[in-house]
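# Observations on chain architecture
As a plain string of letters, each chain reads:
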Amino acid sequence: MNRMTHDAVPAQAERRAFYQRIDPHHLTPLWEVLSALVPKTPSTRAQAALWSYPQLRDYLMEAGRLISAAEAERRVLILENPGLRGQSRITQSLYAGLQLILPGEVAPAHRHTQSALRLVVDGQGAYTAVDGERTTMRRGDFIITPAWTFHDHGNEGDEPVIWLDGLDIPLVEFLGAGFQEKAGAEVQNVARPEGDALARYGHNMLPVDFAQTASDPTRVFVYPYTQTRAALDGIAGGTPDPHLGFKLRYVNPATGASPMPTIGAYAQQLPAGFETRSYRCTDSSIYLCLEGEGAAQVGDTTLNFGLNDIFVVPSWQPLQLQAGRACTLFSYSDRPVQQVLGLWREQRE
Ligand code: 1HN
């Protein structure tokens, strides 16, 4: 006979004893965790946060005195979300770090299934090489290292060079799909002259028999800031979107999809004094202020940002951006993943 039909609800103690008895058999009751597993709206432990560039730069230069790029393999300070400490991530799915390479240093060639982007912040004279082609790193340049492409960096100039690294490390870890290997040589042989990929794939033209599918990364591995700047300047005379200002997404010109399948990247212009209306979306975003200054109101948190500052806006938190002087913002997120899985949502107020 079923006791529940004539007794009161079994005591909590009896339930807990049951949970303990099934625990050694690797079983656990859904009803204790159901609402946390399937929240009414996205709930992430990630918090809105800002890293001030002058302080980041000081710490990075200090790291430059403590360890060489060769010994570190990559000399990077990870930007860890304050709500996700110890997890080497800035959002639930993405990683961010600031990398320093000093004059004369080399960061040795390797490849991995994690996709990477770089946004050049400070200094000149460094290059990055992707699958046999080098590109000189200039401030504001957006450079990609698609999954499983060999890449190395070097600084042949006379000043420190610093850039933001964005990778899909947590996503790849979650999927259990991480592989890496070192190249035979520290520095890749140069197989093609600088500018080759941009010339072949990046001028609104493609090799006549070239075809890609939507999940293929672009062969254009550098999006020079001069081009981004020209695009943003070219539309600045129009009417800004009330929620986004002037916001463009970087694309694979052969498909119209994001440059890499797991990470979307964006450049955004806000006129001086412009305030966006409240907006939220399910992709958490990492922003870097390339020009100007302003404030990001993220729920109850106000983040005041200046040149080169980096801030993170978690999933589904209402965002309002306010430009002081005219602002240019770079950002990246996992939006393409959410879109291809049919998960992405946005809300405009
Ligand atoms: C990596 O390969 C780079 O190539 C930077 O510069 C950061 C973080 C984790 C794993 C690989 C780079 C990285 C990384």
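Scroll up to find the structure.
Below is a summary of the structure that appears in this document.

Calculation notes
Residues numbered from 1 in each chain as written. Predicted model: local features only at pLDDT ≥ 70, side-chain atom pairs only at ≥ 80, totals over all residues. Heavy atoms only, no water. Near = heavy atom within 4 Å. Polar contact = N/O pair within 3.5 Å; in protein donor to acceptor, adjacent residues only side chain to side chain. Areas by Shrake-Rupley, 256 points an atom, 1.4 Å probe, with all protein chains shown as cover. Helix = DSSP H or I, 4+ residues; strand = E, 2+ residues; numbered from the N terminus. Nonpolar A, V, L, I, M, F, W, Y, C, P; charged D, E, K, R; others polar. Buried < 20%, exposed > 50% of the residue type's maximum accessible area, 1.4 Å probe, protein only. 1 Å grid on protein atoms, 1.4 Å probe; cavity = no way out; pocket = protein on both sides within 12 Å on 5 of 7 lines; lining within 4 Å. Points joined across faces, edges and corners; volume = space filled by probe spheres on them. Phe/Tyr/Trp six-rings, centres within 6.5 Å; stacked < 30°, edge-to-face > 60°. Lys NZ or Arg CZ within 6 Å of the ring centre and 35° of its normal. Pairing = 2+ DSSP bridges. Contact = heavy atoms within 4.5 Å. Axes fitted to C-alpha atoms, helices over the stretch in contact; angles between N-to-C directions.

### What about the site of the ligand?
Looking at the ligand, the residues that line it are Arg74, Tyr95, Gln99, His110, His112, Arg118, His151, His153, Asp165, Leu167 and Ile169. Arg118 is positioned such that a nitrogen or oxygen atom in its side chain is 3.1 Å from an oxygen atom of the ligand. Measuring from an oxygen atom of the ligand, one finds a side-chain N or O atom of His151 at 2.9 Å. Surface burial for the ligand is 83%, taken as the share of its 330 Å² of free accessible area covered by protein chains. Of all elements in the fold, only β3 (95-101), β4 (106-112), β9 (151-155) and β10 (161-167) reach the threshold of two or more residues within the shell around the ligand. Taken together, the residues of the shell around the ligand break down into 3 nonpolar, 5 polar and 3 charged.

### Observations concerning unusual backbone geometry
Trans peptide bonds make up the majority, and among non-glycine residues the majority have a negative phi. One non-glycine residue with positive phi stands out, namely Asn308, at about 70 degrees. On the secondary structure map, Asn308 appears in the loop between β18 (301-305) and β19 (310-313). Of the residues examined, Asn308 reaches a relative accessible area of 7% and is grouped as buried. Backbone geometry at Trp316 places phi at a positive 65 degrees, although glycine is not the residue there. Examined against the element boundaries, Trp316 turns out to sit in the loop between β19 and β20 (319-323).

### Details of empty space enclosed by the protein
Any space left empty among the atoms is revealed by the rolling of a water-sized probe across them. Throughout the structure, instances matching the rule amount to 1 cavity of 30 Å³ or more. Roughly 150 Å³ of volume is contained in the largest cavity. Taken together, 20 residues line the largest cavity, and the ones lying closest to its centre are Tyr279, Cys281, Ser285, Tyr287 and Leu319. Elements with a minimum of two residues in the lining of the largest cavity: β15 (279-281), β16 (285-291) and β20. It is β15 that contributes the most residues to the lining of the largest cavity, 3 residues altogether. A class-by-class count of the residues in the lining of the largest cavity yields 9 nonpolar, 6 polar and 5 charged.

### Considering the packing of aromatic side chains
As enumerated under the stated definition, the model contains 11 aromatic pairs in all. With 6.4 Å between their ring centres and 40 degrees between their planes, Phe330 and Tyr332 make a pair best called tilted. With relative accessibility at 1%, the residue Phe330 sits in the buried group. By relative accessible area, which is 0% here, Tyr332 ends up buried. The lysine or arginine in question, Arg134, covers the ring of Tyr127, its NZ or CZ lying 3.8 Å from the ring centre.

### Here's the deal with the sheet that holds β3
With respect to topology, 6 strands assemble into an open sheet ordered β2-β3-β10-β5-β8-β12, the strand pairing being antiparallel. Only two strands of the sheet have a single neighbouring strand rather than two, namely β2 (76-78) and β12 (222-223). Contacts from helix α3 (residues 53-66) reach β2, β3, β5 (116-122) and β10 within the one sheet, and its direction differs from that of β3 by about 55 degrees.

### Description of the layout of surface pockets
Estimated volume of the largest pocket: approximately 830 Å³. Lining the largest pocket are 32 residues, with Gln92, Ser93, Leu171, Asp334 and Gln338 positioned closest to its centre. For the lining of the largest pocket, the secondary structure elements donating two or more residues are α5 (169-175) and α8 (335-340). Ranked by the residues each element gives to the lining of the largest pocket, the list is headed by α5, at 6 residues. Per-class residue counts for the lining of the largest pocket are 15 nonpolar, 12 polar and 5 charged.

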